[in-house]
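Now for the letters of each chain:
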Amino acid sequence: MTIEEKVAQLGSANPSHFIEDGTLDRDGVEAQLSDGIGHLTRTAGEGDLDPKRAALLTNQLQEYLIEETRLGIPAIPHEECLSGYMGPQGTVFPQMIGMASTWSPQLLESVTGVVRTQLQAIGAVHGLSPVLDVARDLRWGRVEETFGEDPQLVAAMARAYVSGLQATDTVRGDGRDVHATLKHFAGHAMGEGGKNRSSVQIGERELREVHFYPYEAVIRNVDAASIMNAYHDIDGVPCASSEWLLTDVLRGEWGFAGTVISDYGSVALLDGEHGVAANKREAGVAALEADLDVELPNTDCYGDPLLEAFEAGEVSEATIDTAVGRVLRAKIETGVLDDPFVDPEAVPQAFNTDEQARLAQKAARDSITLLENDGLLPLGDDLDTVALLGPKADDDQELLGDYAYPAHFNQEETDFEATTPRDALETRSADAGFAVEYVEGCTTSGPSTEQFEMAAEAATDADVAIACVGARSAVDLSDDDLAQRNQSMIPTSGEGSDVTDLGLPGVQADLLDRLTETETPVIVVLVSGKSHAIPEIAETVPSLLHAWLPGEEGGNGIVDVLFGDHNPSGHLPLSIPKSVGQQPVYYSRKPNSANEEHVYDDGEPLYPFGYGLSYTDFEYGELELDAETVAPMGTLTASVTVTNAGERAGDDVVQLYQHAENPSQARPVQELLGFERVHLEPGESKRVSFEIDMTRLAYHDLAMNLVVEEGPYELRVGTSAADIVDTAAFDVTDTKAVPRSARSYLTQTSIEPIS
C-alpha cells in the first residue's frame, strides 16, 4: 500500500459528496474514493434512500472500490441505529431510556436482532450504538439516549444491545458481520451545566468506578468491536486526543483490539473548539497518536493534512500502519473484504413485518412505568366518553427519540407513520362503543392557550380525561434557540436540547391545571424522554404514567396499559427530582450528599431509582444467604421468594443492592448488584437467586488499586432503591487486590418456580 492508500483507509465520506437525487455522481465518487476509503457514512440514512435503493447504491459504491481502485478494498458502510435503524422504513423502537425501564436485557437483545437484520439487508456492517453514558444530570438533552443513572444497569443493557447487534450472522453464515459502537467514551453525560460537549471535571476514581465501568464490562464480556470517543475534555484533555484514555486505559488495561472511531467532527474540534491544535494537521496528528483510528463523518483532518504531517516527519508510518491494520481487520471480521454485496431483491423481507410490529408493541408497553394510581386504572370499556387531550396525543413524531429517522433533525414532514394514542384509542372505542373527544389543547412549547377552554369542555363532558404531555425530541444543533423559544414545537430533549428547567415545556402544566379544575378524573401520560420534575402534578392527578418515547407502536402500548390489556411493569432507570435545583438525586450518592438538604427541599427524589407500580401486589419473603462469611475471591448466593398476591398476572423487577458497613473511604450509600425481571401469575411464587462474585464489591483504594475490602456488608432486596423489603448481613474475611482478569462485572441470576 502507498502512504496515500493507507491514509485513505482512515477516512470516511458521506453521501452528500457522491449521491444526488438518489443516483451516484461519478465525479464525486472518483474524487472521494479513488485511493479507497475506510467508512461510508450513512449512505442510506443521510442519503434518504429507501432500503432497496440503499442496497443498490451501496453495492455500486463497493463495486467501484473493488473494480476501479488499485487495491480493490471495500468500505465499511455504517449507519446510526440507537432506537432502530435510522433510515427510511427502519422499525422505530422505544428510545433507550424507555428500553432501560423494561429492565429486560433479553427484550433489548431481541430488538437489536431486528436492527442487525435491517442493517445487513442494506449492506451496512457497522452500527453507531449503543450509548453507555451514565446519566446523572437530567438537564442534559441526551439523557433519553442512555440506559439511566446506574453503571450496573447500563452495563447489563449495553451488553444485551451489543449481543443482539453482533450476534452470529444468520444471512451470510460467516460469523459476526455487524459491529457495534460503544459511545461516548467517556463521561459524556457529566458536562458542566448539563450542556452537551462541555468540559467534564471528575476524579479518576469516579471515572473508573462509574463512567468507565460499563465500557470495561461490555468489552470484556461480549467483545464489543468499536468505540467512539466523546466530544468533551476531561480535566482539560479532550477525549479525541487523550492517549491516557484511548491508549493506556482502553487498549493497555482492558486489551481492546477493535477500532476507535471519532464522533462526528470531533477531531476538527481539537482546533475549532478546544483550541489545543493550531490547525487541521495538528488536530489529525494528535488524534491519530492517541489511537483514534477513523475520522467521521468525512475526511477532514486526516487525509491530506495527515499526509502533509507524514511528509514533515510529524507522524510516523508505523503509527499510520497500526491504525490501518485495525481498519483492515474490521473489514475482515465484518465480511466485506470477502463479499460486501447484498441482494436488493431480498431487502423488502427485512422491513415492515408483522413480527417486527409485535416486538415494537411489546417493547413499548413493557417500558411504560406507572408512577401514581389511586385505583382509577385500569380503565374498563364500559365508558360513554373519553376525552383525549394534549400535544402528545396525535402526532407521530412526538413518540420518537432524537435518533429516530423522522425526528433526527426535527423534520416537519416525513412519510413516517406511527400508531398514536389517538389512533389506538379510537380503534378500541370502535369495538367497545365509547366516544373519543380529541382536543390538542396546546403545543409542546408554544405560548398559546386558545384551546384551553375547548379542552376543559371536552374533559367536563367525559367520564375520564387522558392528557398526553411531554417534551419534543430532536437533534437541535442550531445557534438561534432564543429566537425560537416561542415556536410551537421546539425540541427540549435530545442532542443539543439541554435545558435549565425540568418542568413541562410551554404551557402544558397550565393546561393540566385547567383540566384538574373540572370534576372529571385526569390521567396524565408523560410521552417524553425527559424526567420531568412535576411534584404538584403528581400530587393532584389520580393516575400518572411515564411512557417515555415509545416508538412507532407507542399508541398501542399506551392504550394496552391504560385499559389493562397489559399490566404495567416498567421501573425507573433513574431518579426523578422534585426540581431542577434539587439535583443530583441519583440513588448511589455518598452519605453526605444523600443526607444534606436544601432550605425548601429535602434530599429525597420525587420518584426513586427502580420505582414502578403494578395493577397487582407482590409479596417478598426473607432474603436468605448461603453463608455468613466469604473470602474476597469467593462467591455468595442470595435468594428471595416473590409471590403475586393479587388477582392479575404481572411482572416485577427484583433488585439487589449492597452497602459497605464500615469502608475505609466514603462510599455510595448503596449500589445495585443485580436484578431480575420475573413474571408471576396470580397466586404464583418463584424463588429468585443471585450468585454474587465478591469481586463485584471491589473499588479503588487510596493507591488506585482495585481491591475487595474486608469487613461487614449488607445486602438489600427491594422493588426500588428506596423500597427495601429485607436485608441480610455477611462479612468478607480479608482484603485482596483483584487482578483484572479475575474481575466479575455482572451478577448471575436464576429463577426457580415454587409449586
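Residues numbered from 1 in each chain as written. Predicted model: local features only at pLDDT ≥ 70, side-chain atom pairs only at ≥ 80, totals over all residues. Heavy atoms only, no water.

Given a rise of 1.5 Å per residue, 15 residues ought to cover 21 Å, and the 21 Å separating the end C-alpha atoms of helix α6 (residues 151–165) matches this to within 8%. Across the 15 residues of α6, 13 count as buried, placing the element largely inside the fold. N-capping of α6 is provided by Asp 150, with a side-chain oxygen placed 2.9 Å from the backbone N of Gln 152. (Helix = DSSP H or I, 4+ residues; strand = E, 2+ residues; numbered from the N terminus. Expected span 1.5 Å × (residues − 1). Buried < 20%, exposed > 50% of the residue type's maximum accessible area, 1.4 Å probe, protein only. Polar contact = N/O pair within 3.5 Å; in protein donor to acceptor, adjacent residues only side chain to side chain.)

Here the focus is unusual backbone geometry. That bond from Ser 129 to Pro 130 is cis: its omega, 15°, falls within 30 degrees of zero. Locating Pro 130 in the fold gives a position in the loop between β6 (126–127) and α6. Residue Pro 584 is bonded to the preceding Gln 583 through a cis peptide linkage, with omega at 0°. Secondary-structure assignment places Pro 584 in the loop between α20 (554–562) and α21 (591–595). Of note, Asp 223 is a non-glycine position whose phi angle comes to about 55°, a positive value. Mapping Asp 223 onto the fold places it in the loop between α8 (213–222) and β8 (226–229). The partly exposed category is assigned to Asp 223, whose relative accessible area is 48%.

Running from N to C, helix α7 (residues 204–211) and α8 point in directions that differ by 45°, and their axes come no closer than 5 Å. Comparing their axes, α8 and α7 come out oblique. Residues Leu 207, Arg 208, Glu 209, Val 210 and His 211 of α7 form the contact with α8, whose own contacting residues are Tyr 213, Pro 214 and Tyr 215. (Axes fitted to C-alpha atoms, helices over the stretch in contact; angles between N-to-C directions. Parallel < 35°, antiparallel > 145°, perpendicular 65-115°, else oblique. Contact = heavy atoms within 4.5 Å.)

A separate point is the packing of aromatic side chains. Here the structure, examined in full by the defined rule, presents 14 aromatic pairs. Taken together, the ring pairs in this structure connect Trp 103, Tyr 587, Phe 609, Tyr 657 and Phe 675 into an aromatic cluster. (Phe/Tyr/Trp six-rings, centres within 6.5 Å; stacked < 30°, edge-to-face > 60°.)

Moving on to the nonpolar core. Of all hydrophobic cores here, the largest spans 122 residues; its most connected members are Leu 10, Leu 108, Phe 147, Leu 182, Phe 185 and Ile 227. The biggest single contributor to this core is α6, with 10 residues. When residues no more than four places from it in sequence are discounted, the contact partners of Leu 108 are Met 96, Met 99, Phe 147, Met 157, Ala 160 and Tyr 161. Within the second largest apolar cluster, 42 residues are counted, among which are Leu 138, Ala 189, Cys 442 and Val 499. (Core = buried A, V, L, I, M, F, W, Y, C linked by side-chain atoms within 4.5 Å.)

On to the side chain of Thr 146. Its location among the elements puts Thr 146 in the loop between β6 and α6. For Thr 146, a relative accessible area of 0% puts it in the buried group. If near-sequence neighbours (up to four positions away) are discounted, Thr 146 is found in contact with Met 96, Ile 97, Val 131, Asp 133, Ala 135 and Trp 140.

On to the pairing of strand β28 (residues 724–732), then. Where strand β20 (residues 629–630) lies against β28, two bridges are found, and the strand directions are parallel. The partner of Val 630 across the bridge, within β28, is Val 732. Following strand β27 (residues 711–718), the chain reverses through five residues before pairing antiparallel with β28. (Pairing = 2+ DSSP bridges.)

Relative to the elements of secondary structure, Asp 50 occurs in the loop between β4 (39–41) and α3 (51–68). Taking C-alpha positions, Asp 50 is 41 Å from Leu 512, a pair spaced 462 residues apart along the chain. If sequence neighbours within four positions are ignored, Asp 50 has contacts with Pro 88 and Gln 89. There is a polar contact of 3.1 Å between the side chain of Asp 50 and the backbone nitrogen of Lys 52.

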